[in-house]
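Structural characterization, general
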Amino acid sequence: MLQILDKMPVSKNSPVDFQSVVPISDYVVTVRPMSMGDAEAYAHGTNDEQVKRFAHLPLDNYTPEIVHSLLAGAIADGLRDGTLAVLTIADAGSDQFLGSLVFFDVTHDDAEIGYWVAKEHRGRRVSSRALALTLEIGRALGLKRLRARTVEENPISQRALMKTGFVQVGDARPQTVPSGKTEMSVDYVIEL
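An account of the accompanying structure is given in this report.

With respect to the helices and strands, the residue Ser20 is situated in the loop between strand E1 (3-4) and strand E2 (24-25). Residue Ser20 is classed as buried on the basis of its relative accessible area of 13%. Separated by 2.6 Å, the side chain of Ser20 and the backbone oxygen of Asp17 make a polar contact.

Pasting the structure below:
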């Protein structure tokens, strides 16, 4: 059973309003707006080699101060105007930071998602649970589909996406990823 905490559904005609549908929880994992208290754990998590390789974050290095600045600037702006949602994947019981979920390239019909889980929390089905909640967020926003992509060398993420119902679209091809680099990427989509 899912729980959208104290929020109302969004009208299909209104702009995308992430704050109206998060936090959302399955009582094990919660997806919620990122807070200043997450800055240190976020910065620490981005130093992991797998996050650096596969998350395609725009910056090479994050510090708590950089994350605070982003939270007060670009992340707040994106949430406000519905163009970007950098969210926290948290433990539902303790609210401990487990990873990050991002909605970007947002339209009224669809959005692209990306996610990463901190090294110390992998292997606990965090990504599968967060992806299931991601589908609920998309539906509550009135989106018709979600898009995702992985690099060819990331079979763990590919399996998690497919387990959640995403379908591979085409073969791997060179694409510019959010970090600005060109990678052999595989596209996925799910109709909501």
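Read on for the rest.
Another point: the nonpolar core. Residues Phe18, Leu87, Phe103, Ile137, Leu146 and Phe166 are the most contacted members of the largest nonpolar core, which totals 36 residues. Among the elements of the structure, strand E3 (29-33), strand E4 (85-91), strand E5 (97-104), strand E6 (110-117), helix H5 (126-140), strand E7 (145-151), helix H6 (155-164) and strand E9 (182-191) are those that each provide at least two residues to this core. With seven residues, the top contributor of residues to this core is H5. Once you skip the residues sitting within four places of it in the chain, Phe166 turns out to touch Ile113, Leu135, Leu146, Arg147, Ala148, Leu161, Tyr188, Val189 and Ile190. Val86, Phe97, Phe104 and Trp116 belong to the second-largest nonpolar core, a separate cluster that totals 16 residues.

Pairing is possible between side chains that carry opposite charge, provided their charged atoms lie close to one another. Counted according to the given criterion, the structure contains 16 salt bridges. Of the charged contacts, one joins Asp77 and Arg80 as a salt bridge, the two residues approaching to 2.4 Å between their closest N and O atoms. Linking Asp77 with Arg80, this pair stays in helix H4 (residues 74-81), spanning three residues, or about one helical turn. Residue Arg80 is classed as exposed on the basis of its relative accessible area of 59%. Arg149 serves as the salt-bridge partner of Glu112, at 2.5 Å between the closest nitrogen and oxygen. Remark: Arg149 occurs in strand E7 and Glu112 occurs in strand E6; sequence separation between them is 37 residues. According to the relative accessible area criterion, Glu112 is buried, its value standing at 7%. What you see here is one network of salt bridges that share partners, running through Asp105, Asp110, Glu112, Arg145, Arg147, Arg149 and Glu191.

The rules we used
- Every residue gets a number counted from 1 within its own chain, in the order that chain's sequence is written.
- Residue-level local features of this predicted model are given only where pLDDT is at least 70; pairs of side-chain atoms are given and counted only at 80 or more, and the full residue set underlies all totals for whole chains, interfaces and linings.
- Processing note: side-chain calculations cover all non-hydrogen atoms of the structure and skip hydrogens and water entirely.
- Secondary structure is summarised from DSSP: a helix means a run of H or I of at least four residues, a strand means a run of E of at least two, and numbering begins at the N terminus for each.
- Three labels apply to residues, based on accessible area from a 1.4 Å probe with only protein chains included: buried if under 20% of the type maximum, exposed if over 50%, partly exposed otherwise in between.
- Nitrogen and oxygen atoms within 3.5 Å of one another constitute a polar contact, given that in protein one can donate a hydrogen and the other can accept it, and given that sequence-neighbouring residues count only through two side-chain atoms.
- Within this scheme, the nonpolar core is defined by two criteria: the residues are buried Ala, Val, Leu, Ile, Met, Phe, Trp, Tyr or Cys, and they are joined through side-chain atoms within 4.5 Å.
- Should any heavy atoms of two residues lie within 4.5 Å, those residues are considered in contact.
- Only one rule defines a salt bridge in this text: a Lys or Arg side-chain nitrogen within 4 Å of an Asp or Glu carboxyl oxygen.

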